[in-house]
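Chains, contacts and geometry: an overview
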Amino acid sequence: DAGVTQSPTHLIKTRGQHVTLRCSPISGHKSVSWYQQVLGQGPQFIFQYYEKEERGRGNFPDRFSARQFPNYSSELNVNALLLGDSALYLCASSLAGVFANEQFFGPGTRLTVL
Amino acid sequence: GESVGLHLPTLSVQEGDNSIINCAYSNSASDYFIWYKQESGKGPQFIIDIRSNMDKRQGQRVTVLLNKTVKHLSLQIAATQPGDSAVYFCAEIQRGKLIFGQGTELSVKP
């Protein structure tokens, strides 16, 4: 069975551009969460979606947005990129919410902003 | 603010020895804690979890201990193997969000 998949694996952008990252959850999982992991630090929660609705939001600016599609895949969008947005962006899927179920993480998308 | 932190950024152990990775948390209201393992180039992988109504939980070669009095969490790995080399994160559920600590890099010497 396929795990959580993310695309692209690597991405290079320049300041001011926007980016769209994609995530496909494990089959049957209805919840997707997004995390930002800066080098040398733990992942930081950005969003959680469950059944296509936003269920949680971390302390990130409005430049960050996300959505979940009917097939439970998800996109993370970041506008007006800053150098500080360079990080590994992780997607995790679970059957339901964070509390009740184990989250399965994808390999991440490495974003570099120049 | 509230945070989950780790005592040591790196830990080096001999293959076959036991490893202990420590974590301090500051939110006494947290009731669910998780340990993750992250290998280079991969996302975090769930290892073991524990709820605040427990003080110990065992898995395969791993044990998590929770001391609520001093707000301390530890992960013990028995008979550490080269494949255990990775960064280990503790995390807690805080106001519906999964909050990670900084991480400890475990290096296993053959």
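Residues numbered from 1 in each chain as written. Chains lettered and ligands numbered in written order. Predicted model: local features only at pLDDT ≥ 70, side-chain atom pairs only at ≥ 80, totals over all residues. Heavy atoms only, no water.

**A closer look at the layout of surface pockets**
Our working rule: In this analysis the probe radius is 1.4 Å and the grid spacing 1 Å, with only protein atoms considered; a cavity is a set of points the probe fits into but cannot get out of, a pocket is an open set with protein on both sides within 12 Å along at least five of seven lines, and lining residues have an atom within 4 Å of a point. Grid points are joined across faces, edges and corners, and a volume is the space filled by probe spheres set on the points. Helix and strand assignments follow DSSP, with helices taken as H or I runs no shorter than four residues and strands as E runs no shorter than two, numbered in order from the N terminus. Three categories are distinguished: nonpolar for Ala, Val, Leu, Ile, Met, Phe, Trp, Tyr, Cys and Pro, charged for Asp, Glu, Lys and Arg, and polar for the others, with Gly belonging to the last.
Each pocket or cavity is described by its volume, and for the largest pocket that value is around 540 Å³. If you go around the largest pocket, you meet 25 residues; those closest to its centre are Gln37, Leu39 and Arg110 of chain A together with Gln38 and Ser40 of chain B. Elements that contribute at least two residues to the lining of the largest pocket include exactly strand S9 (86-94) and strand S11 (104-109) of chain B. Taken together, the residues that form the lining of the largest pocket break down as nine nonpolar, twelve polar and four charged.

**Some words on the environment of Phe64 of chain A**
All names here are of chain A. Rules: When a residue's accessible area, from a 1.4 Å probe over protein chains only, is under 20% of the maximum for its type it is buried; when over 50% it is exposed; and in between it is partly exposed. For this analysis, residues touch if any pair of their heavy atoms sits within 4.5 Å.
By secondary structure assignment, the location of Phe64 is in strand S7 (residues 64-68). Owing to a relative accessible area of 2%, Phe64 belongs among the buried residues under this scheme. When the C-alpha atoms of Phe64 and Phe47 are compared, they prove to be 9.2 Å apart, with 17 residues separating the residues in sequence. The residues contacting Phe64, other than those within four sequence positions of it, are Gln36, Ile46, Phe47, Arg57, Asn77, Val78, Asp85 and Tyr89.

**Things to note about the packing of aromatic side chains**
Worth spelling out the cut-off: Centres within 6.5 Å make a pair out of two Phe, Tyr or Trp rings, where for Trp the six-membered ring is used; the pair is then stacked when the planes are under 30 degrees apart, edge-to-face when over 60, and tilted otherwise.
What the rule picks out here adds up to eleven aromatic pairs over all chains. Residues Tyr35 of chain A and Phe105 of chain A carry aromatic rings whose centres are separated by 5.3 Å and whose planes lie at 50° to one another, so their mutual orientation is tilted. One end of the pair, Tyr35 of chain A, is in strand S4 (residues 31-37); the other, Phe105 of chain A, is in strand S10 (residues 104-105), and 70 residues separate them in sequence. As far as the burial class goes, Tyr35 of chain A and Phe105 of chain A line up, both buried. Judged by centre distance (6.2 Å) and plane angle (55°), the rings of Phe47 of chain A and Tyr49 of chain A are tilted. For the pair formed by Phe47 of chain A and Tyr49 of chain A, the shared burial category is buried. Grouped by ring-pair contacts, the aromatic residues Tyr35, Phe45 and Phe105 of chain A together with Tyr36, Phe46, Phe89 and Phe100 of chain B constitute a single cluster.

**Here's the deal with the pattern of salt bridges**
Residue and element names in this part refer to chain A. To be explicit about the condition: Here, a salt bridge means any side-chain nitrogen of Lys or Arg that lies within 4 Å of a carboxyl oxygen of Asp or Glu.
In the structure shown here, the tally under the stated rule is nine salt bridges over all chains. For Glu51, the salt bridge goes to Lys52, with nearest N and O atoms at 3.7 Å. Here Arg57 makes a salt bridge to Glu54, at a shortest N to O gap of 3.3 Å. Its relative accessible area of 32% is what places Arg57 among the partly exposed residues. Shared partners join several salt bridges into a network, and the residues in it are Arg22, Arg67 and Glu75.

**Some thoughts on the environment of Thr10 of chain B**
All names here are of chain B. Within the secondary structure, Thr10 sits in strand S2 (residues 10-14). Once the C-alpha coordinates of Thr10 and Ala29 are considered, the two residues, 19 residues apart in sequence, prove to be 28 Å apart. Every residue in contact with Thr10, bar those within four places of it in the chain, is listed here: Thr104 and Glu105.

**With respect to the interface of chain B and chain A**
By a widely used convention, the size of an interface equals the accessible area lost when the partners come together. What counts, and what does not: Two parts lose some accessible area (1.4 Å probe) when they are put together, and adding that loss for both gives the buried area. Residues adjacent in sequence count toward polar contacts only when both atoms are side-chain atoms; beyond that, a polar contact is any pair of N or O atoms within 3.5 Å, and within protein one must be able to donate a hydrogen and the other to accept it.
Taken together, the contact between chain B and chain A spans 18 residues of the former and 18 residues of the latter. For the pairing of chain B and chain A, the buried interface totals around 1,400 Å² over both sides, and the portion due to carbon and sulfur atoms is 61%. On the chain B side of the contact with chain A, Lys97, Leu98 and Phe100 of chain B bury the most area, a combined 29% of that side's loss. Between the two partners, chain B and chain A, sit zero salt bridges. Here chain B is connected to chain A by two residue pairs in polar contact (both at pLDDT 80 or more). Of all the elements in the fold, those that place two or more residues in the side of chain B that touches chain A are strand S4 (32-38), strand S5 (45-51), S9 and strand S10 (97-100) of chain B. Looking at the side of chain B that touches chain A, its residues break down into eight nonpolar, six polar and four charged.

**Description of the state of the cysteines**
Residues and elements named next belong to chain A. Quick note on the threshold: The disulfide criterion used throughout: a pair of cysteine sulfur atoms within 2.5 Å.
A complete count under the given rule lists two disulfides over all chains for this structure. What pairs with Cys23 in a disulfide is Cys91, and their sulfur atoms sit 1.8 Å apart. Residues Cys23 and Cys91 are joined through a disulfide that is left-handed, its torsion about the S-S bond being -60°. One end of the pair, Cys23, is in strand S3 (residues 19-24); the other, Cys91, is in strand S9 (residues 87-94), and 68 residues separate them in sequence.

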